[in-house]
Amino acid sequence: MSILSLFAKRTAKHPRTALGPLLALLAAISATVPAAEARAQDAASTHEAAKHFQRGVSLYGEADYRAALVEFKRAYAIAPNIAVLYNVGETQFQLQDYAAALTTFDRFLADGNIEILRSRVGHLIVTSAPTGADITVDDQPVGKTPLDRPLLVSIGRRKVVATVPGRPPVSRYVEVAADDSVTVALPLPAPAEADTTASASWPPDAPHESHLGTTLRVAGWIGTALLAGGAGVFGYLATDESNQLQKARATFPVAGGTLAHASNLTMTYAIAADSLAAAAVVLGGVTLVSTIASHSADSPARGAAREVRVGLGPTSARFEMTF
């Protein structure tokens, strides 16, 4: 049996008592139909607004700002949304309609609960001694003291650093709560005192310089003698091995290993002799120039400037000096 049949039989038996439920049913139906229609209309409006919004994003990416503005405004008119309002303001800014952009961004801030953001920030009042220090907050430069206004920072633990050339940097960690105004004083230490002992002893005075120069020149001549002696020794060995090589070549029969060994020794000794001789020439030339310069240091300089040229080759060395 259907609901309508039961309701008809109940109405026939109790006409007055059945009127109340009927009215309630009609009221529920009348309330449900508009709500469903409203939800359907809202869904359709949201879908239509989304289409205009996406079209506006595409046009903005193509730098067609005027067409993008039309689409963004249409989307906002159909379904007002804070994100769409921001895009409207940004597009107006790109069109250089600065007054309209400012008005739109003011609406964006008002509709976007700016008070929530204000409850997430505080202020730092930073000073330094001396002034002129570069200030960073969380490693981001914010200016040079004296700062013309308190710094707006996010709440939480903040790192503040002051630096001045020639002085060690100073850092502080501060806790900032919402709406706080925290004062941070950063006294920088004075520059390190100069090392008077080092400055007094450098440059060295004339007697010390003369003694050091004499020592270096003596070492130079000794080194030259040792290098020359070494060159002579290896030259003698190279000559001796060369003679042995010539004898071996004139002997029959002779092993190939013997010839190779004698040849390698001859070449090694010859290279060592040439290298030591070249080093002796260079060191001896530098020492000679230093010796001549030391003897003429007390007399006024005259004539052309001294010039020294040293040339090295694989088997030769050249030394020239002009006064």
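Shown above is the structure to which this text applies.
The sections below set out a description of the structure shown in this document.

### Quick look at unusual backbone geometry
A negative phi angle characterises most non-glycine residues, just as the trans form characterises most peptide bonds. Geometrically, the link from Ala129 to Pro130 is a cis peptide bond, its omega value of 5° lying close to zero. Note on placement: Pro130 falls in the loop between β1 (121-129) and β2 (134-137). The step from Thr145 to Pro146 runs through a cis peptide bond, and the omega angle for that step is 0°. Mapping Pro146 onto the fold places it in the loop between β3 (140-144) and β4 (151-154). In this structure, Ala63 takes a positive phi of about 65° despite not being glycine. Turning to its location among the elements, Ala63 is positioned in the loop between α2 (19-61) and α3 (65-78).

### Some details on the packing of α3 against helix α4 (residues 82-94)
The interhelical angle for the contact between α3 and α4, taken along N-to-C directions, is 155°, at an axis separation of 9 Å. Put simply, α3 runs roughly antiparallel to α4. Here the hand of the crossing between α3 and α4 comes out left-handed. Listed contacts from α4 to Tyr65, Ala68, Leu69, Phe72, Lys73, Ala75 and Tyr76 of α3 are Val84, Leu85, Asn87, Val88, Thr91, Gln92 and Gln94.

### Some points on the sheet that holds strand β7 (residues 181-187)
Through backbone hydrogen bonds, the strands of a sheet pair up, either in parallel or in antiparallel fashion. Within the open sheet, the three strands sit side by side as β4-β1-β7. Their pairing is mixed. The open sheet is flanked by β4 and β7, the only strands paired with a single partner. Along the sheet, successive strands turn relative to each other by an average axial angle of 35°, direction set aside. Here β1 runs beside β4; their pairing, made up of four bridges, is antiparallel. Bridging across to β4, Leu124 finds its partner in Leu151.

### Here's the deal with the pairing of β2
The alternating pattern of β2 places Ile135 and Val137 on a buried face, while none of Asp134 and Thr136, on the opposite face, is buried. Of the strand pairs in this sheet, β2 and β3 are connected by four bridges, and their pairing is antiparallel. Opposite Val137, over in β3, you have Gln140 as the bridge partner. Linking two consecutive strands that pair antiparallel, namely β2 and β3, is a turn of two residues; a positive phi of about 55° is found at Asp138 within it. Pairing of β2 with strand β5 (residues 156-163), which is carried by four bridges, proceeds in the antiparallel orientation. Paired with Ile135 across the strands is Ala162, a residue of β5.

Conventions used here
Residues numbered from 1 in each chain as written. Predicted model: local features only at pLDDT ≥ 70, side-chain atom pairs only at ≥ 80, totals over all residues. Heavy atoms only, no water. Helix = DSSP H or I, 4+ residues; strand = E, 2+ residues; numbered from the N terminus. Axes fitted to C-alpha atoms, helices over the stretch in contact; angles between N-to-C directions. Parallel < 35°, antiparallel > 145°, perpendicular 65-115°, else oblique. Left-handed = near helix turned anticlockwise from the far one by under 90°. Contact = heavy atoms within 4.5 Å. Pairing = 2+ DSSP bridges. Buried < 20%, exposed > 50% of the residue type's maximum accessible area, 1.4 Å probe, protein only.

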